[in-house]
Amino acid sequence: MNELISQRLTLAEQAARAAGDKALDYFNRRESLVIETKRDAQDVVSIADREVELLIREKIAQQFPNDGFLGEEFGLQPGDSGYTWVVDPIDGTSPFVNGMPNWCVSIAVIYQGEPVIGVIVAPCQQECFVAARGAGATLNGKPLRVDPQRTMQNHVTGFGANSYVTPERVGEIAAAITAVGGNFFRNGSGAMMLAWVAAGRLVGYYEPYMHAWDCLAGYCLVNEAGGWTHPFNTDGEHLLRGGPVLAVAPGAKQDLMQIAQL
Ligand code: IPD
Ligand code: CA
Ligand code: CA
């Protein structure tokens, strides 16, 4: 791993852990949070999301002031170093505000359009997933490898949807996963479910429309664990738009691609 990436990897892990601690503190006193909504009543947010993102932004700006930074809550601050941080301060805000443990901090770094670093910290599970391009993926320091024997038929598939997807399509996807002999799973945090693909807990993950901050850290993890990810366009304006997200172990790729119509 080159020095430029390894310095950023160290910082990504430190920042994600510090962010995880701050988010956990809010989680433990969540009754006092004022819950606001964004696109619709299911799309929730609170001061916790904003403060956690600000903490990460500050840490990155101190050490790499010329890097770009895209966060879900405060948008894009372009840079000129070639590296851009892509951050979801809390993925799984709905579980977070409702007292469920399925939420995480997701930090990716992209270079030349590709996620070269992915760190996902899940404070309630005390799990830290780390990957860097060419250096493998780990969970709490232990190497991760997807199992080539697992298929949609002998394992469970993660599937998520938000209000960008029609109810008909949601039903179709659930039906299609079941029709091939699979089973579907959703825990409310797409980033965490992507990390779980890298960890072999799910054979794949599909969501018709997500943003860069939801998926790029998970993509780096899955790629480094030997899985496959559907390309996510990070060119210019595309970085701010969403797209389909699919990450999968090799034995389930064909079935899941067909279901996703990709
Ligand atoms: C959401 C979660 C959810 C997924 C949505 C995302 P948020 O992110 O990852 O599982 O289905 O598409 O927007 O709002 O909790 O950061
Ligand atoms: Ca998210
Ligand atoms: Ca979020």
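Residues numbered from 1 in each chain as written. Chains lettered and ligands numbered in written order. Predicted model: local features only at pLDDT ≥ 70, side-chain atom pairs only at ≥ 80, totals over all residues. Heavy atoms only, no water.

A. Spatial organisation of unusual backbone geometry. Even without glycine at this site, Gln112 takes up a positive phi of about 50 degrees. Turning to its location among the elements, Gln112 is positioned in the loop between strand S6 (104-111) and strand S7 (114-122). On the accessibility criterion, Gln112 (66% relative accessible area) is exposed. (Helix = DSSP H or I, 4+ residues; strand = E, 2+ residues; numbered from the N terminus. Buried < 20%, exposed > 50% of the residue type's maximum accessible area, 1.4 Å probe, protein only.)

B. Quick peek at the site of ligand 1. Around ligand 1, a shell composed of 15 residues is seen, among which Asp91, Gly92, Asn162, Arg186 and Glu207 lie nearest. Side-chain polar atom of Asp88 to an oxygen atom of ligand 1: 3.1 Å apart, as the coordinates give it. Within the contact set of ligand 1, an oxygen atom lies 2.9 Å away from a backbone nitrogen or oxygen of Gly190. The protein chains hide 88% of the 380 Å² of surface that ligand 1 would expose on its own. At the level of elements, strand S5 (83-91) and strand S13 (204-210) are the ones that each hand at least two residues to the shell around ligand 1. Here the shell around ligand 1 is built from residues that sort into three nonpolar, six polar and six charged. (Near = heavy atom within 4 Å. Polar contact = N/O pair within 3.5 Å; in protein donor to acceptor, adjacent residues only side chain to side chain. Areas by Shrake-Rupley, 256 points an atom, 1.4 Å probe, with all protein chains shown as cover. Nonpolar A, V, L, I, M, F, W, Y, C, P; charged D, E, K, R; others polar.)

C. How the structure looks around the UniProt feature "binding site: Mg(2+) 2" (unreviewed entry) in the chain. Here, the residues flagged by UniProt with the feature "binding site: Mg(2+) 2" (unreviewed entry) are Ile90. Relative to the helices and strands, Ile90 is located in strand S5. Ile90 gets classed as buried once you look at its relative accessible area, which sits at 1%. If we skip the residues at most four places from it in the chain, Ile90 touches Ala23, Ala48, Asp49, Phe96, Trp103 and Cys104. (UniProt positions renumbered as here; feature names shortened; annotations may be inferred. Contact = heavy atoms within 4.5 Å.)

D. Expanded view of the sheet that holds strand S14 (residues 228-229). Judged by pairing direction, the sheet is mixed, and its five strands sit side by side in the order S12-S11-S13-S15-S14 without closing on themselves. Across the chains shown, the open sheet's two edge strands, defined by having one partner strand only, are strand S12 (184-185) and S14. Set on the sheet, helix H7 (residues 253-260) makes contact with strand S11 (157-159), S13, S14 and strand S15 (243-248); between it and S15 the angle comes to about 160 degrees. (Pairing = 2+ DSSP bridges. Axes fitted to C-alpha atoms, helices over the stretch in contact; angles between N-to-C directions.)

E. Inspection of the coordination of the calcium ion (ligand 2) at higher detail. Every protein donor of the calcium ion (ligand 2) is accounted for by Asp88 (OD), Asp91 (OD) and Asp214 (OD), and the metal-donor separations fall at 2.0 to 2.2 Å. Spacing between the donor residues of the calcium ion (ligand 2) along the chain follows D-x2-D-x122-D. Between the calcium ion (ligand 2) and the calcium ion (ligand 3), a spacing of 3.7 Å is present, and a bridge between the two is formed by Asp88. In this pair, Asp91 sits in strand S5 while Asp214 sits in helix H6 (residues 212-224), placing the two residues 123 residues apart along the sequence. (Donors = N, O, S within 2.8 Å, 3.2 Å for Na, K, Ca; no water.)

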